[in-house]
Amino acid sequence: MPEEDLLELRFRLYDGSDIGPIRYSSSSTIAMLKERIVSEWPRDKQIIPKIANDVKLISAGKILENSRTISQCKPTFGELPGGIITMHVVVQPSSAKSKTEKKVDELPKKAACYCSIL
């Protein structure tokens, strides 16, 4: 694999600790990165993702889609020759998602209020 084809990534966890830096091929998908994060997640943390779908990767303020490759996200990363790219990791376990969605659905419906600015 050519040297230019590799990118060095670091994953910043919710408490400020890091996983990495680790070198990845630019053809690696975001889903592959998430699988690696779950497998290397420190077991002493309070929140531990069980599956890759519990993890969201954020780079430059954008949530990265599972089906995209690192090279497709490159404009988001910018041009950093030889630099380490830091991605933020957000953990939202599947059970928390369903509880949140349920709570939103259970909210009482209020009458609509309309305003007009003249």
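These numbers come from a predicted model, not from an experiment.

Chemist: Any chance you could explain the overall build of the protein here in plain terms?
Modeler: Looking only at helices and strands, one finds three helices and five strands in the protein. The order of α-helices and β-strands along the protein, N terminus first, is β-β-α-β-β-α-β-α. Counting across all 118 residues of the protein, residues that qualify as buried make up 27%. Put simply, of all contacts in the protein between residues at least 6 apart along the chain, 57% involve residues at least 24 apart.

Chemist: In this structure, what is going on with the packing of aromatic side chains? I would like to understand it.
Modeler: One pair of aromatic rings is described through two measures. These are the centre distance and the angle between the planes. Under the definition given, this model contains two aromatic pairs. Between Tyr 14 and Trp 41, the ring centres sit 6.4 Å apart and the planes meet at 20°, which makes this aromatic pair stacked. Of this pair, Tyr 14 sits in the loop between strand S1 (6-12) and strand S2 (18-25) while Trp 41 sits in the loop between helix H1 (30-40) and strand S3 (55-59), and the two are 27 residues apart along the sequence. Under the relative-accessibility criterion, Tyr 14 is labelled partly exposed at 39%.

The rules behind each value
Residues numbered from 1 in each chain as written. Predicted model: local features only at pLDDT ≥ 70, side-chain atom pairs only at ≥ 80, totals over all residues. Heavy atoms only, no water. Helix = DSSP H or I, 4+ residues; strand = E, 2+ residues; numbered from the N terminus. Buried < 20%, exposed > 50% of the residue type's maximum accessible area, 1.4 Å probe, protein only. Contact = heavy atoms within 4.5 Å. Phe/Tyr/Trp six-rings, centres within 6.5 Å; stacked < 30°, edge-to-face > 60°.

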